[in-house]
Amino acid sequence: MTERILILFGVLVLVAAVSTQRFKQEKGSKRTVILSRTVKEQTRSREKRDSRTRASSFSSCILKLPASDWKKLDQNTHETAFHGDDGSSFTLTWVGDGTGVILVLSTISPPVGVVIGGGSSRLYRSQDYGKTFHDISHVINNTLIRKEFGISTGPGNSEKVILTGDVPALESNGGIIFTSTDAGVSFKPVQLPFHPRQAISFHFQNPNYLVTISDDGGLWLSLDFGHKWNKLQEGVHSFMWGSGTTLFFSYSPNGTGEGVPLYPERTGGTTATPFQHGEDAQKIFKMDADRRGELFLKRTEDLGRTFTTITQNIFSFGYIGGFLFTSVTEKQGEPRVIYVSSNQGDIFNKAQLPSATIEQFYSVLDGDEDMIFMHVDDPGVDTYCGTVYTSDDRGILYSKSLERHLFGGEGKSDFTNITSLRGVYLTNVLEKDDRIRTVISFDRGGEWRLLSKPGNAECGKNMKNCNLHIHGEYSRFNGLAPLLPLSDPSAVGLVIAHGSVGDSVTSARPDVYVSDDGGYTWARTLMGPHHYAILDSGGLVVAVETHADRLIHTVKFSTDEGQCWKLYNFTDHPIFFAGLASEPGTKTMNLTIWGYRPEEEYRATWVAVTIDFQPLLHRECEEQDYIEWLAHSTASQDSDTDGCVLGYRETFRRLKKQSVCRNGRDYVVRRQQKPCLCTREDYLCDYGYYRHENTSECVEQTDFRDRILEVCLNGEEEELQTSGYRKVPSDRCEGGFTPLRRERTVSHSCGSTSPVSASEINGPQATVLVMVLSVSVVVVALAVAGLFMVRRGLRTERMPAYRFSALQVQEDDRCPSVGRQTVPFNNGGSDQNDSDEDLIE
């Protein structure tokens, strides 16, 4: 890849949730899927290049599909051709849970350079999980709907939908939306007194409460499902719902950020200043940085009747898991720091984290009300890696969990929560030689290790280190893998991911690997990239090969968690594959394969083929179809500690692989829990300590020796007396290892209980970038503040080594480790941390 500098005026994206349940639900059940026709000329050359690096004797286990089953699938396969629709992209949105209603927006983008007019759209509706579609464009008077955020759906089964019309700002004083209360059967037009700048956001519980930001920076609120709107504030930068009806928002009292986002390049907006390189870019960044750190943070707890200014002079904020985060510079010329509040902003405490300069950023990777995972960029420009820290249950004290954590220049992190097994996280690290390797933790970041090599996959000759490495968000961004790792709480232990074996992630086309025990062991199951989906709570897995330059007509499905597959030709007229779509969650038995067929005169017809697998799995599962399975059980553990993770062991009832039956929509995961005796593994290293290499012992950091550890909490100085261990938040162990740890108040006059006031900051300010992966997933995203970053290309060499290349050749380590120790990937992290969701960049 040609190396180039791309200047990114970063926007701090916060993905937040008021509770763990809500966050995980939104992250894991994405309601909207965007499909686009592929530019085959670009992908052909890449696939041809990749194929030269592949050589394997592996072949998937393929079973013959009986004629009776083939007939059942034929009778339950439904094909829809959207004749006469030239849309370049289709946006699919599910309305409600278990309703079977899908809205499809087809959009023809205007030609390049056309600012006003030139685009068109159509709206289709299905009420039978995609088996049939009907053109309902007439119910919205064939109005052009915005492609980027045209469809918004209400929470749960509200059946409320909002379509945002694409109305040029120069032709109207306000935009137009169409509202539906019957899942899209009918729509009512509503004229807006403003032009929305972003998608209209529903309250996570009450679908009548709507909020959005207008093109001129106004914050608008509706309490009656969009019929009437009230302007709450001007110059707004971002907003976020808190608990209950609390609404947080940041704004500039001096107009900074009014009209357009402060950093529109990251949000898809326009800017008067194009991307520039070299010294000019640095000057632009410096001027913009001088304007930052001047935002005020307000909240309203009564839906706009009264307001409280929480703090001022912030760069960014985020709310997640009950924690409110702000990023500020306390004194002129100093790096940024994080302040945290657990009571909706009444009192703030400084988080015990390394400060971040203008070249660095913070990012909340994951979290809930117990623990936060926070990435802090390593010092220097464009290090593209940093240290992951985990918090205590107050979000204040942080410990080191993982060093050299990869965070790409495009804002891509591979940090993944494996939701099918408690406590499991997977991510990639950037080694000093620029190789990328995958590590996994089974205890919420307490210890990290390399993945084990699958038994049916071999590395090349003379390779010293042979492990499985997973392709995540960063690989998907660079076109190496079409899909992220997939897991779901209802499919216990099941993980599906693209990967490769060797000493690092390779640039060759990855294969599909499956784990049935949450990531402890893996098996290669399919050759080459695929799109895959989990149906019937893990009782059925489906996959379709990814070929950008080849017509396809076959779907693969497995009833034994990917051990063996059966093939079914779903159409007599092959299509170019665009994507898979199934109802959010894994309860459904319906799968829709989307694609298009080429026609004469460079035209193409979109096609949707929906397969209902329920008649194939006609028998409801019975008690004898399930087994008892102890999670986290390994042969290396003794009977007293086998399966013990975070203080307790869990035994699940899960489907036998040889059982061919249907779990059904009413299936609920059954589990039994039993507490374990406490060991060192139930503790994180406390503030000022780190995990000693190859042991579970916490050792005091050199720079903290002979120092009294004091922390300012709620305006009072507290002295920390510790032997180096802090219990992992949410750990339930009892008895056993019980190290000393005590906090006592020693003073009543420390620090401030809120971030700095306006009089304390007058000089240049730094920016912050907070990113969210994603997700999962449909989630409440919020732009908070920006980080100026220079993007560096990925150099893919002739040999299948996947390295993160540097724009400027430097002999020294471009990503220095934080502290004295580095992370030993054979046994886990050094200092340990508590963690939360993606937050502050």
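Up top you'll find the structure we're talking about.
Criteria and cut-off values
Residues numbered from 1 in each chain as written. Predicted model: local features only at pLDDT ≥ 70, side-chain atom pairs only at ≥ 80, totals over all residues. Heavy atoms only, no water. Buried < 20%, exposed > 50% of the residue type's maximum accessible area, 1.4 Å probe, protein only. Helix = DSSP H or I, 4+ residues; strand = E, 2+ residues; numbered from the N terminus. Pairing = 2+ DSSP bridges. Phe/Tyr/Trp six-rings, centres within 6.5 Å; stacked < 30°, edge-to-face > 60°. Lys NZ or Arg CZ within 6 Å of the ring centre and 35° of its normal. Contact = heavy atoms within 4.5 Å. Polar contact = N/O pair within 3.5 Å; in protein donor to acceptor, adjacent residues only side chain to side chain. Axes fitted to C-alpha atoms, helices over the stretch in contact; angles between N-to-C directions.

A.B. asks: When you look at the pairing of strand S43 (residues 590-598) in this model, what are you seeing that I'm missing?
C.D. replies: Consecutive side chains of a regular strand alternate in pointing toward one face of the sheet and then the other. In terms of residue burial, S43 counts as a mostly covered element, since 8 of its 9 residues are buried. Here 5 bridges tie strand S42 (residues 576-581) to S43, and the two strands are oriented antiparallel to one another. Bridge pairing links Phe577 to Gly595 in S43. In this sheet, strand S44 (residues 604-612) lies alongside S43 in antiparallel orientation, the contact comprising 9 bridges. What sits directly across from Gly595, in S44, is Val607.

A.B. asks: I keep staring at the packing of aromatic side chains and nothing clicks. Help me out?
C.D. replies: Two numbers describe a pair of aromatic rings. These are the distance of the centres and the angle of the planes. Taken as a whole, this structure holds 31 aromatic pairs when the rule is applied. Considering the side-chain rings of Phe82 and Phe133, the 5.5 Å spacing of their centres and the 55 degrees angle between planes classify their relative orientation as tilted. Of the two residues, Phe82 sits in strand S5 (residues 77-82) while Phe133 sits in the loop between strand S8 (120-126) and strand S9 (134-135), which places them 51 residues apart along the sequence. Accessibility assignment for this pair places Phe82 and Phe133 in one class, buried. The positively charged end of Arg653 is found above the aromatic ring belonging to Tyr626, 3.9 Å away from the centroid.

A.B. asks: Is there a simple way to think about the environment of Gln233 in this case?
C.D. replies: Within the secondary structure layout, Gln233 lies in strand S17 (residues 230-233). On the basis of relative accessibility, which here comes to 17%, the residue Gln233 falls in the buried class. Taking the C-alpha atoms as reference points, Gln233 and Gly217, separated by 16 residues in sequence, lie 8.3 Å from one another. Excluding anything up to four places from it in sequence, Gln233 contacts Gly217, Gly218, Leu219, Phe249, Tyr251 and Lys298. One polar contact links Gln233 to Lys298, side chain to side chain, over a distance of 3.4 Å.

A.B. asks: Any chance you could explain the sheet that holds strand S41 (residues 565-569) here in plain terms?
C.D. replies: Sheet strands line up and pair through hydrogen bonds in the backbone, either parallel or antiparallel. Reading across the sheet, the 5 strands line up as S4-S41-S40-S39-S38 and stay open at both edges, with mixed pairing between neighbours. The open sheet has two edge strands with one neighbour each: strand S4 (62-63) and strand S38 (530-535). With 4 bridges joining them, strand S40 (residues 554-558) and S41 adopt antiparallel strand pairing. Bridge pairing in S41 links Phe557 to Lys566. In this fold helix H3 (residues 67-75) packs onto S40 and S41, with an angle of close to 50 degrees to the strand it touches most, S41.

A.B. asks: Where do I start with the pairing of strand S23 (residues 323-328) in this structure?
C.D. replies: Of all 6 residues making up S23, 6 are buried, and the element is well covered by its neighbours. The alternating pattern of S23 places Phe323, Phe325 and Ser327 and Leu324, Thr326 and Val328 on opposite faces, both of which are buried. Bridging between strand S22 (residues 316-320) and S23 involves 5 bridges; their strand directions are antiparallel. Its bridge partner lying in S23, Ile320 is registered against Phe323. Counted between consecutive antiparallel strands, the loop separating S22 from S23 contains 2 residues, among which Gly321 sits at a positive phi close to 60 degrees. For S23 and strand S24 (residues 337-341), the ladder comprises 5 bridges, and the chain directions are antiparallel. When the sheet's bridge partners are listed, Thr326 is paired in S24 with Tyr339.

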